[in-house]
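Chains, contacts and geometry: an overview
Below are the chains, spelled out letter by letter.
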Amino acid sequence: MLTRTMKGEIVIKKALSIFCCCVLMSGGSTPAFAQVVRGEFSGAGLHTGPIGGVISAAPTGINPALTGGVSSIQGTLAPTLVAPAALIPSLMTPAVAVPAFIPAGAKATPAVAMAAAQALTGAIAAAKADKRDEAPALATAFDGLKSAPSAEDSDAPEVPAAQAPLADGAKLGRLYPRVVVILDTLDKPATKEDKIVKHIETLVTNGVKVVFVTARPEKGENSAESMLVGQLKVRTGNPVLVVSYNGARVTSHSSRAENPKPLIPDQLPFAEKTVARFREITADVNAKLGVKGKSSEFGQPSLEAPFIYGGTLPQGVDAAKWSAAFNRSLKAAGFAYKIELSKNAEGETTWLTQSTALKLNANRVFNAVYAAAPELNPELGGAGILKPQQVLILADPAKAPSFLQALPGKGYFIHGVSDTSGLERAMEAVLGGKALDQVAVNKYELRDYIEWLSRRQRYGSSSAPQGKGGRAGVIAPRRSGDASGFSKVPFYRGIIVKEVMSRLYHLMKNGAYEESTLDAGIDLLEKLWKYPEANGIHLPEELKLGRQTGAFKAQQKGGLEGSKRWLKNYYHRHFPDFPRGVNQKVAGRLLRLARDGDSVTLQYESPYTGRSYKVFVRPDRTELWEDEKGYILVAHVYRTGKEPYQKGFDENIEVNLIGRALLEGDAQKRADGRWYVNGEADPRIQVVFHYMTRDLQAIMTPEQVDSHTPEVTALIEKRENDKEYQKWVEAKKIEEEKARINLKRNVTRTNNLKEKEKKAKNQGGK
């Protein structure tokens with residue numbers, strides 16, 4: 001402790017010393033909440049800066065929160081937590097709350113506290129370097145004041161009320177995203193009293209960068225302004241960003257100007273020659289369909305430079321037939337555009353198309369964010385750059401698949417919404433309101449959805465059964481008339497191979513080597529293939545019925561021979577000199593076989609909405625290895641289908657699910673947030689998929705496994721909110737039930753005929 005008596009200095013240094021000591025002492029344990037968001041992205045840990053204060057000097061040691069403070073020293077630092085109600089109202093910054101104000105039973109977060117100390121130390125060091133008084137820096141850090149509103153703001157933003165902690169006192173506040181992107185799903189114009197307006201205002205007041213993205217025009221009828229933006233406060237500090245015309249124009253809601261300056265250059269509108277071609281197509285379609293009556297054209301923002309071009313249709317015109325003819329003409333002319341139908345304020349039917357060809361450019365959205373807040377730009381570097389996991393996207397996944405696929409990088413938290421009320425509920429959850437429903441799904445359902453998305457991307461969408469405009473085996477479910485059972489052979493093959501491998505490893509584990517040789521394995525495979533029920537394998541009814549059909553019987557020999565080749569290849573790769581080394585490779589490593597227990601329940605949670613997700617996963621075999629670097633948890637999965645490329649395997653989200661199942665099922669997560677096996681921290685995770693001719697594998701750290709949480713939760717959200725997929729699932733269930741009934745009818749008819757022939761033969765013999 002220095003003893004200089006310059007006015008105010010010793011008081012400041014004592015305050016700083018006491019504060020830092022208290023902060024460090026209060027960080028002995030970390031609540032579970034602090035660990036939920038502990039993923040590894042670019043090596044950044046969880047830290048926060050002061051909330052809502054303006055620091056005039058540059059702290060050199062600030063590492064911003066996972067979704068928290070920005071590194072800029074000129075602007076308001078974006079908040080990450082809202083103080084508990086137990087704090088005094090003026091102290092809105094849990095990051096700098098001294099222990100005396102912490103509610104009973106609550107635990108401080110070391111990362112938050114350390115960041116506060118770093119920010120404060122950095123601010124004072126910078127002040128000393130500039131030979132300025134350190135007292136203002138201390139006052140700014142401790143009082144938690146919001147930035148003063150600009151004189152140009154329409155209203156001074158209200159500081160939101162402090163949020164009460166949970167009943168158990170486990171959390172001191174909420175974690176806010178740094179950026180919230182709202183893709184327009186509004187179904188009605190907002191008013192100032194609507195929750196969506198109030199929630200956006202609260203987020204913006206707390207430093208969150210909010211971006212509203214819409215296909216509507218910026219101003220005018222049915223525009224971004226009329227639907228939402230006009231009800232928001234005009235701000236020069238942290239204004240809402242407005243992405244209109246499907247990304248063609250981006251402005252900030254920082255003035256009331258009729259034609260605000262765009263943050264980034266506008267995209268090119270329709271060319272004059274293109275508009276002229278549209279007019280020619282309109283005339284041709286009208287002539288072919290015999291359309292009479294007057295119609296008008298329009299362009300937004302103007303006919304001279306339209307981002308949206310369209311027109312009205314005379315009364316009595318079959319709008320669906322007219323638009324279909326127009327779109328066929330567009331395609332024949334080589335245009336990527338497509339017109340859509342709508343209604344204007346007068347009730348007239350209108351058609352329109354957009355210069356962005358109905359595809360939203362995700363990069364333009366983020367370029368606009370970086371233009372408004374350069375400190376977030378990853379290309380500029382620095383500690384405060386925006387990371388994907390710091391972004392929350394509220395969107396209807398089915399209506400914005402191209403946007404979500406084109407996001408720069410991976411790891412964005414996505415929450416599915418389809419209307420205004422859904423947006424309101426999501427933002428209320430972000431702000432600590434009513435919790436969202438939990439979602440439960442199994443690994444196979446997610447895998448099925450991934451495959452469906454791939455087919456939709458390649459072949460387009462259709463939910464109609466085969467023969468009604470759909471394509472069987474692509475998007476449309478199989479017709480019930482196909483009751484042959486042919487499609488059941490690959491499914492059956494996968495079941496039998498998994499069971500054979502499980503039984504063979506069980507025998508090896510127990511030292512029954514003579515019963516688990518390759519020859520014994522082939523005999524076991526053939527026995528289970530031919531007599532599954534007699535050997536304890538439970539099959540679903542449709543598979544039982546399918547096995548009795550002629551089509552299945554005609555194909556099963558090939559399926560059995562393929563399974564034998566799979567088993568031979570596996571033994572040649574893993575047991576070339578069986579049984580040498582089997583005791584070490586199997587008995588000394590084996591943890592669990594799928595046949596020995598239930599699936600592992602994975603628990604995920606969005607750090608922003610608080611929504612929890614359950615995924616049920618069961619690896620075929622898990623093992624524990626050890627080398628000079630420590631423990632390795634290994635999961636094995638047997639695959640009898642098409643072998644992917646290594647890149648496809650590495651990007652497969654199922655690999656991460658299996659890795660997470662290893663941690664949840666065979667490791668322990670302690671209070672320090674690290675995973676342990678047999679008392680040793682940070683085991684490596686290895687996932688191996690065994691195919692016909694090779695093994696594909698990936699090795700990850702626990703941090704890398706945890707870092708994929710946004711991808712998993714985003715996929716679940718997409719699946720839950722993809723109405724087209726849900727319709728397909730329902731159609732598939734109906735078709736499968738019809739197929740089951742037809743299979744049962746055919747099998748019963750065949751068996752009856754056989755029984756009659758047998759009786760007739762017996763009677764003839766007598």
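Described below are features of the structure shown in this document.

So, how was this worked out
Residues numbered from 1 in each chain as written. Predicted model: local features only at pLDDT ≥ 70, side-chain atom pairs only at ≥ 80, totals over all residues. Heavy atoms only, no water. Core = buried A, V, L, I, M, F, W, Y, C linked by side-chain atoms within 4.5 Å. Buried < 20%, exposed > 50% of the residue type's maximum accessible area, 1.4 Å probe, protein only. Contact = heavy atoms within 4.5 Å. Helix = DSSP H or I, 4+ residues; strand = E, 2+ residues; numbered from the N terminus. Pairing = 2+ DSSP bridges. Axes fitted to C-alpha atoms, helices over the stretch in contact; angles between N-to-C directions.

1. Some remarks on the nonpolar core
Among the nonpolar cores identified, the biggest contains 41 residues, and Leu602, Val615, Leu657, Ile685, Phe689 and Ile716 are the most heavily contacted of them. The contact partners of Phe689, leaving out residues within four places of it in the chain, are Val637, Arg639, Phe649, Glu654, Val655, Ile658, Arg694, Asp695 and Leu696.

2. Some thoughts on the pairing of strand S10 (residues 413–416)
Along S10, one buried face is formed by Phe413 and His415 and the opposite face, lined by Ile414 and Gly416, is buried too. Judged from the four bridges that link them, strand S9 (residues 391–395) and S10 form a sheet pairing that is parallel. Bridging across to S10, Leu394 finds its partner in His415.

3. Focus on unusual backbone geometry
A cis amide bond, omega 5°, links Gln300 with the succeeding residue Pro301. As for its placement among the helices and strands, Pro301 is situated in the loop between strand S5 (297–300) and strand S6 (308–312). Here the amide bond leading from Phe578 into Pro579 is cis, since omega sits at 5°, within 30 degrees of zero. Structurally, Pro579 is set in the loop between helix H16 (550–574) and helix H17 (582–587). Of note, the phi angle at Asn246 is positive, near 60°, even though the residue is not glycine. Checked against the element boundaries, Asn246 lands in the loop between strand S3 (241–244) and strand S4 (249–252). The class for Asn246 is buried, based on a relative accessible area of 12%. Notably, Asn678 is not glycine yet its phi reads approximately 50°, a positive angle. Mapped onto the elements of the fold, Asn678 is located in the loop between strand S18 (675–677) and strand S19 (680–681).

4. Let's talk about the sheet that holds S6
With antiparallel pairing, the four strands of this open sheet are ordered in space as S5-S6-S8-S7. Pairing within the sheet leaves two strands with one partner each, and these edge strands are S5 and strand S7 (340–343). Here the average twist between neighbouring strands, direction ignored, is 30°. Inspection of the sheet shows S5 paired to S6 by four bridges, in the antiparallel sense.

5. Looking at the sheet that holds strand S15 (residues 621–627)
With mixed pairing, five strands are arranged side by side in an open sheet as S12-S15-S16-S20-S21. Strands with a single pairing partner mark the edges of an open sheet, and in this sheet they are strand S12 (590–593) and strand S21 (695–700). With direction set aside, neighbouring strand axes in the sheet form an average angle of 20°. Where S12 meets S15, three bridges bridge the pair, whose relative direction is antiparallel. In the strand pairing of S15, Leu593 is matched with Arg621. Packed onto the sheet, helix H13 (residues 488–509) meets S12, S15 and strand S16 (630–638) and runs at close to 145° relative to S12. Packed onto the sheet, helix H19 (residues 653–666) meets S12, S15, S16, strand S20 (684–690) and S21 and runs at close to 130° relative to S20.

Scope: geometric values only; no functional claims are made or implied.
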